[in-house]
Amino acid sequence: MIQIQNVHKSFGDLEVLKGIDLDVEKGEVVSVIGGSGSGKSTLLYCINAIENIQQGRIIVDEIDVHAKETNRDRLRQKLGMVFQQWNSFPHLTVLENAALAPRIVLKLSKKEAIEVAKKELNHVGLGDKFDEYPTRMSGGQQQRLAIARALAMKPDYMLFDEVTSALDPELVGEVLDTLRMLRDDGMTMICVTHEIAFAREVSDKVAFFHQGIIEEIGPPEQVIVSPQKEATQKFLSKVLH
Amino acid sequence: MEYEFHWNIVFQKMPQLLNGAFVTLHVSVLSMLIGIAIAVLLAIAKMSDYKLFSLPATLWVEIARNTPALFQIYMAYFGLGAFGIHLSPYVAVLSALVFVNAGYLTETFRGGFMSIPRTQYSASRSLGMNSVQVYRYIILPQMFRRIYHPMTNQFVWSILMSSLGILVGMDELSGETQRLQSLSFRTLEFFMVAAVMYFLITKLVLFSASLVSQKLFKGDL
Amino acid sequence: MGSSFFTPLSWNDSGFILTGVLNTVTISLVAIIIGTLLGLAIGFIRAEVSRFSNMLLGGVLDVLRSVPLIIQLILFSTYIGAIGHPLDPFVSGSIVLSLYTMAFMSEVFRGGFESVQRSMITAGRSLGMSYWQTVAYIRLPIGLRTVFPSWLGVALSVIKDSALVSVIGYMELLRTSEQLISRTQQPLEILIGVGLFYFIISYPLSLYGKYVERKMSI
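Just so it is clear, the structure is predicted and the values come from calculations on it, not from any experiment.

Undergrad: What exactly am I supposed to notice about the overall build of chain C here?
TA: For chain C, the helix and strand inventory stands at eight helices and zero strands. Scanning chain C from its N terminus toward the C terminus, one meets helices and strands in the order α-α-α-α-α-α-α-α. Its C-alpha atoms give chain C a radius of gyration of 22 Å, more than 25% over the compact-globule value 17 Å for 218 residues. The principal-axis extent of the C-alpha atoms belonging to chain C is close to 80 × 45 × 25 Å. Within the span of chain C, comprising 218 residues, buried residues form 39% of the whole. Sequence-distant contacts in chain C: of pairs separated by 6 or more residues, those separated by 24 or more amount to 79%.

Structure (structure tokens):
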């Protein structure tokens, strides 16, 4: 499980996270919603050790993420991450994109790596694109490639950072479908998202971020359908209307 | 007045001309190889936060880009004499070409590096790659594609500019042509053949470069 | 060899050097102006005509870009001498340098013209503009704006390449300094002065070009 305990994070003088506590159980889907600048994406970067923290602890399966002795490359293998921008590797084919990390990080043989990559690409519906170059594909397809690329590392957790925000509206559906599929597979996921309806549908827990703290947290029926806090109500009425 | 062309003498001297062409290629290739090595160091130095490194690199780049190649060759051949350094024509031309190539390529490398989005790095790290792996598999291959074409152009430039060897009595294609024509006074014929040879050399270089790039680079950026 | 044979650099030489400076500036300006005008015309033609004529024209320009300038200069001045119409080095130098400049400028301008979207021209025509009006009011202004940094780059390289006109006897800066060097035997001082001159002209302009480029990319 992922345990986030009293995490503080600043960029210079600007404190972005002001004491975050959050537990994510194995198999759980947690959605993080909130306005831009509320710190929700930063939290994902801290979990993945891309960003350091100033105070508190993040524990992933009993490993303290920010402890000095932690091997961060090893840790990141447990945590798949998909970004707002899909960041495909433009010089590699779709298959090579997905097979590279398993081969050089997990040290699989070339054959095994390709097998794993093909399996995950088929899973996200890119089975007919192995030899295509990502720059020739739509944003939705590239985002699904990014998901398959992360899944090929056999992560225990998946972190999604506004994965549909940069997509044309007609392409959002295919990516959300992929996330639904992952949930049905039992993947543990943290989704930072602007898709409120989606968050309500798939999440076990929804956390509303506001000015660097979790203002409200609970099952979607509570946080999204009948929010208690004024800030939550305000935010939802803004994004839902 | 009609000019009567005599080609026989030129064809008799073909072996010497080809030899000159070989020296031209030789000095250009060498100037590129050394230039690339220096440019890598200069590019790193120029991106450094320490003025101690970045300032000399900037100085090198700007002098190389803002003074004529002929000036640099004179500097190497005549100017260094003031310090008791007397370079052979070959070494003088080579050092001038290296100096310019390194200057231009530094900017090429720096631009290529900076054109790779920072997010490629974080995306790769999130897949568990260490930073050596990120450079080896993600950053450098993409950078190489972007600098390949400018590097080819720089190579062609070196070939053309090595012709300034004629002015310091070097034995590359132009210098050799100059020497041979002065023995027979068939100036036009000799230089026309030299012009054709330069044309063919540059076309050959560009053609092979594009063949190689088709082989190497499949995806587009 | 008596030391009296060489006379050191003195203020009397400044007039001589100044002539060299002026000659370098003159021939560079001539080549840049003529080369720009010809390049503009040819760049426009290349953006307009059929593929075949374009290839033909491109082939000719390609020769100018693939043969060293120094060889072009020698060939031209030898040829006109051989057919009995020798020209002043300034004239020969200007002709060759201008054509050489044209070959590079035409590529710059062709790129500019081709960057103007077809839809803008269609929009102009739909407003009732004639073909030449779309050229004058749409394609030229838009095409020219985008190419300024590359144009400046070519112009700067022409200033530097003008040094080569010395081989056919034109008394530009580098040739005057060469003569001074053989008289004074003070190569380092003179060459550093020459280098500084080019640098002082070229460096600020290249900075300006970079500034414009940055401003346009935002």
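Undergrad: Please explain the interface of chain A and chain B as it appears in this structure.
TA: One frequent convention defines the size of an interface as the accessible area lost when the parts assemble. With 23 residues of chain A at the interface, the matching set in chain B holds 20 residues. Elements with a contribution of two residues or more to the side of chain A that touches chain B: helix H2 (72-78), helix H3 (94-104) and helix H5 (139-151) of chain A. Here the side of chain A that touches chain B is composed, by residue class, of 13 nonpolar, seven polar and three charged.

Undergrad: How do you make sense of the interface of chain C and chain B when you look at a structure like this?
TA: At the junction of the two partners, chain C supplies 29 residues and chain B supplies 32 residues. At the level of elements, helix H2 (51-66), helix H3 (69-82), helix H7 (173-184) and helix H8 (187-217) of chain C are the ones that each hand at least two residues to the side of chain C that touches chain B. At ten residues, the largest contribution of residues to the side of chain C that touches chain B is made by H8 of chain C. Taken together, the residues of the side of chain C that touches chain B break down into 22 nonpolar, six polar and one charged.

Undergrad: I'm lost on the sheet that holds strand S1 (residues 2-11) of chain A in this one. Help?
TA: Sheet strands line up and pair through hydrogen bonds in the backbone, either parallel or antiparallel. Residues and elements named next belong to chain A. Within the open sheet, the four strands sit side by side as S2-S1-S4-S5. Their pairing is antiparallel. With partners counted over all chains shown, the strands left at the sheet margins are strand S2 (14-24) and strand S5 (63-64), one partner each. For strand S4 (residues 55-60) and S5, the ladder comprises two bridges, and the chain directions are antiparallel. Counterpart to Ile59 in the pairing with S5 is Asp64.

Undergrad: So what exactly am I meant to see when it comes to the packing of helix H7 (residues 131-161) of chain B against helix H9 (residues 187-216) of chain B here?
TA: The packing of two helices is summarised by the inter-axis angle and the distance between the axes. Residue and element names in this part refer to chain B. Following both chains from N to C, one finds H7 and H9 inclined at 165°, their axes separated by 10 Å at the closest point. In terms of axis orientation, H7 runs roughly antiparallel to H9. Crossing of H7 over H9 shows right-handed handedness. Note on element contacts: H9 touches H7 through Tyr198, Ile201, Thr202, Val205, Leu206, Ala209 and Ser213, opposite Tyr148, Thr152, Phe155, Val156, Ile159 and Leu160. Residues belonging to the contact of H7 with H9 are distributed by class as follows: ten nonpolar, three polar and no charged.

Undergrad: Looking at this structure, I do not really get the sheet that holds strand S3 (residues 29-34) of chain A. What am I missing?
TA: Residue and element names in this part refer to chain A. In spatial order, the strands read S6-S7-S8-S3-S9-S10; together these six strands make up an open sheet with mixed pairing. With partners counted over all chains shown, the strands left at the sheet margins are strand S6 (79-82) and strand S10 (213-218), one partner each. Mean inter-strand twist for the sheet, computed between neighbouring axes without regard to direction, equals 15°. In terms of strand pairing, strand S9 (residues 205-210) meets S10 through five bridges, oriented antiparallel. Across the sheet, Val206 pairs through a bridge with Gly218, a residue of S10. Helix-sheet contacts for H5 involve S6 and strand S7 (157-161), and the interaxial angle to S6 is about 170°.

Undergrad: Just checking my understanding: could you explain the pairing of strand S8 (residues 188-192) of chain A for this structure?
TA: Residues and elements named next belong to chain A. Among the five residues that make up S8, five are buried, leaving the element largely enclosed by the rest of the structure. Side-chain alternation along S8 places Thr188, Ile190 and Val192 on one buried face and Met189 and Cys191 on a second face that is also buried. In this structure, S3 lies alongside S8, joined through four bridges in parallel fashion. Within the sheet, the bridge partner assigned to Val30 lies in S8 and is Ile190. In this structure, S7 lies alongside S8, joined through five bridges in parallel fashion. By the bridge assignment for S8, Phe160 is matched with Cys191. Once you follow S7 into helix H6 (residues 169-184) and on to S8, the crossover reads as right-handed.

Undergrad: Honestly, helix H1 (residues 40-47) of chain A in this entry has me stumped. Any pointers?
TA: Since the α-helix turns once every 3.6 residues, residues separated by three or four places project in the same direction. All names here are of chain A. Counted residue by residue, H1 has seven buried out of eight residues, so it is predominantly covered. Looking only at H1, the buried set comprises Lys40, Ser41, Thr42, Leu43, Leu44, Cys46 and Ile47. In the segment just after H1, Ala49 is the residue with positive phi, at about 60°.

Undergrad: In this structure, what is going on with the arrangement of the chains? I would like to understand it.
TA: In this assembly, two pairs of chains are in contact, and the pair contributing the most contacts is chains B and C. For the non-touching pair chain A and chain C, the nearest C-alpha separation works out to 21 Å.

Undergrad: Please clarify how the nonpolar core should be interpreted in this entry.
TA: Of all hydrophobic cores here, the largest spans 100 residues; its most connected members are Ile73 and Val93 of chain B. In terms of residue count, helix H5 (residues 89-114) of chain B provides more of this core than any other element does, twelve residues in total. When residues no more than four places from it in sequence are discounted, the contact partners of Val93 of chain B are Val27, Ile73, Ser162, Leu164, Gly165, Val168 and Met170 of chain B. By size, the runner-up hydrophobic cluster in this structure holds 77 residues, among which are Ile53, Val94, Leu95 and Val175 of chain A.

Undergrad: Got a minute to help me understand the environment of Ala21 of chain B in this structure?
TA: Residue and element names in this part refer to chain B. Tracing the sequence through the fold places Ala21 in helix H2 (residues 14-47). Measuring from C-alpha to C-alpha, the distance between Ala21 and Ile147 comes to 27 Å, with 126 residues separating the pair along the chain. Among residues more than four places away in sequence, those in contact with Ala21 are Leu173, Met197 and Ile201.

The rules we used
- Residues numbered from 1 in each chain as written.
- Chains lettered and ligands numbered in written order.
- Predicted model: local features only at pLDDT ≥ 70, side-chain atom pairs only at ≥ 80, totals over all residues.
- Helix = DSSP H or I, 4+ residues; strand = E, 2+ residues; numbered from the N terminus.
- Rg over C-alpha atoms; globule rule 2.2 N^0.38 Å.
- Buried ≥ 20, exposed ≤ 12 C-beta atoms within 10 Å, placed from the backbone.
- Contact = placed C-beta atoms within 7 Å.
- Nonpolar A, V, L, I, M, F, W, Y, C, P; charged D, E, K, R; others polar.
- Pairing = 2+ DSSP bridges.
- Axes fitted to C-alpha atoms, helices over the stretch in contact; angles between N-to-C directions.
- Parallel < 35°, antiparallel > 145°, perpendicular 65-115°, else oblique.
- Left-handed = near helix turned anticlockwise from the far one by under 90°.
- Right-handed = clockwise from strand over helix to strand, strands pointing away.
- Core = buried A, V, L, I, M, F, W, Y, C linked by C-beta atoms within 7 Å.

Purely spatial values, then, with no claim about function.
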